[in-house]
Amino acid sequence: MTQMCLRYNAINLSQGTPAYQPPDEVKAAAIKAIQEGYNQYSITWGAPEFREAIAHKMNTFNGIPTDAAKNVTVTCGSTEGMLSALLAIINPGDEVIIFEPFYENYGPDTIISGAKPVYVPLQETQTDDGDMRFTYDRNELKEAFSSHTKAIILNTPNNPLGKVFTLDELHEIADLCEVYDCIAVTDEIYEHMIYDGGEHFSIGALPQMRNRTITVSGLSKTYSMTGWRLGYVVAPEVLTDAIRKMHDFLTVGAPHPLQRAGVASLNLPQQYYTDLIAKYDNNRQKLVKILTDADFRCHPPEGAYYIMTDISDFGFEDDTAFGHWLVKEIGVGGVPGSSFYSRPELGKTKFRFMFSIADDILDEVGERLMKIRSKI
């Protein structure tokens, strides 16, 4: 979709690349590190000072007891972190539970690692106070577990839905992990982007999960540095040893000077995160209104920076046909929903947009999308 947007000069709301830049002091720290000679390999599993900063953040923000020497592995983005984690724990014949729709890599990562993916749907339901949110059916989740279950992948806040798993849901998942001796592998890359006063909870902070959780996260989204490829994996020591072996064979190490600058990122004041949420919340509300006014069906996500919409009212054969038409005729790009499902037909009426974009560009998106009805 990004290539199509470039070809047709469309506004790209498909790829999850922030429209913003890293803070000036963080960029300055990267330049300083290069000038000071940090241009060779660091320790393969991460520069000590960066792992110390990550450990401090995990202890204070996530509530997960973390030792920089024993529990932290720095990776080339959270994408590599997830694959390293799965390669470290999977044996032939294992199964991995994945909530669906899911970030596109989880299914292939599971298969590459030698396991069978087992999908549990996230469904739109109405809460007691009339709000709409995504949740799972308890019986379906329980039935997904078996003696073959090695891990469950948990993405919160979720891409593509923006779902934030509640503490009650995490306790329920933790109980099942205990019963089936299962590892929770989490992707928490959007942990600082939660709206409406919501709170991020890490399942690894639950006492019963401290020895059976692998937490994957990174700096890409929070600090607008997707090109820096700074991710990390936090896990119990015995799992960390295996994860570090996989990481070493995959990529050797993340960029050393950028790890030095990563310390500056993690030392930013609380006001940075307050401003970040305010900025993204403004974008969220603005794009929800734009999409609703253009006759898309959607509701505000709880976290991350994506909005999943229903396009069934537009009368297209499927999501891919709609996506190509939207780029060519309207000049706006998004992601066909089928790419987030194990079976494409499950997502043929879905379409995802991202809202990490400048205000004036969002205004232009609104003007373009208002032309949809006149062109159908």
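Residues numbered from 1 in each chain as written. Predicted model: local features only at pLDDT ≥ 70, side-chain atom pairs only at ≥ 80, totals over all residues. Heavy atoms only, no water.

1. Here's the deal with the sheet that holds strand β14 (residues 350-354)
Link 1 in the chain: As summarised here, the arrangement of the 3 strands in space is β11-β14-β13, forming an open sheet in which the pairing is antiparallel. Two strands in the sheet have a free side with no partner beyond their single neighbour: β11 (306-310) and β13 (335-336).
Link 2 in the chain: The strands touched by helix α11 (residues 270-293) are β11 and β14; relative to β11, the strand with the most contacts, the crossing angle is about 15°.
Link 3 in the chain: Relative to the sheet, helix α12 (residues 319-330) contacts β13 and β14, its axis offset from that of β14 by approximately 40°. (Pairing = 2+ DSSP bridges. Helix = DSSP H or I, 4+ residues; strand = E, 2+ residues; numbered from the N terminus. Contact = heavy atoms within 4.5 Å. Axes fitted to C-alpha atoms, helices over the stretch in contact; angles between N-to-C directions.)

2. Here we look at the environment of Asp318
Link 1 in the chain: Here Asp318 lies in the loop between β11 and α12.
Link 2 in the chain: As a C-alpha pair, Asp318 and Thr349 span 31 residues in sequence and 6.3 Å in three-dimensional space.
Link 3 in the chain: A distance of 2.8 Å separates a polar atom in the side chain of Asp318 from the backbone nitrogen of Ala321. (Polar contact = N/O pair within 3.5 Å; in protein donor to acceptor, adjacent residues only side chain to side chain.)

3. Quick notes on the side chain of Thr213
Link 1 in the chain: Relative to the helices and strands, Thr213 is located in strand β9 (residues 213-218).
Link 2 in the chain: Residue Thr213 is classed as buried on the basis of its relative accessible area of 4%.
Link 3 in the chain: At a separation of 2.8 Å, a polar atom in the side chain of Thr213 contacts the main-chain carbonyl oxygen of Met209.
Link 4 in the chain: Dropping the residues within four chain positions of it, Thr213 is found in contact with Ala184, Thr186, Ile203, Gly204, Val234, Ala235 and Pro236. (Buried < 20%, exposed > 50% of the residue type's maximum accessible area, 1.4 Å probe, protein only.)

4. Some details on the sheet that holds strand β8 (residues 183-187)
Link 1 in the chain: Taken together, the 7 strands give an open sheet; going across it, the order is β2-β10-β9-β8-β7-β3-β4, and neighbouring strands pair in mixed fashion. Both outer strands of the open sheet, β2 (72-75) and β4 (116-121), are each paired with one neighbouring strand and no more. The mean angle between the axes of side-by-side strands here comes to 20°, regardless of whether they run parallel or antiparallel.
Link 2 in the chain: Both β9 and strand β10 (residues 231-234) contribute to a ladder of 4 bridges, which runs antiparallel. Within β10, the position partnered with Thr215 by the bridge is Val234.
Link 3 in the chain: Packed on one face of the sheet, helix α5 (residues 77-89) meets β2, β7 (149-155), β8, β9 and β10 and runs near 170° to β8.
Link 4 in the chain: In this fold helix α9 (residues 237-251) packs onto β2, β8, β9 and β10, with an angle of close to 20° to the strand it touches most, β2.

5. A few points about the side chain of Arg284
Link 1 in the chain: Inspection of the secondary structure assignment puts Arg284 in helix α11.
Link 2 in the chain: Take Arg284: its relative accessible area is 3%, and that puts it in the buried class.
Link 3 in the chain: Within the structure, the side chain of Arg284 is placed 2.8 Å from the backbone oxygen of Pro301, a separation counted as a polar contact.
Link 4 in the chain: Setting aside residues no more than four positions away along its own chain, Arg284 makes contact with Tyr195, Asp196, Pro300, Pro301, Ile307 and Phe355.

Function cannot be inferred from these measures alone, as they are strictly geometric.
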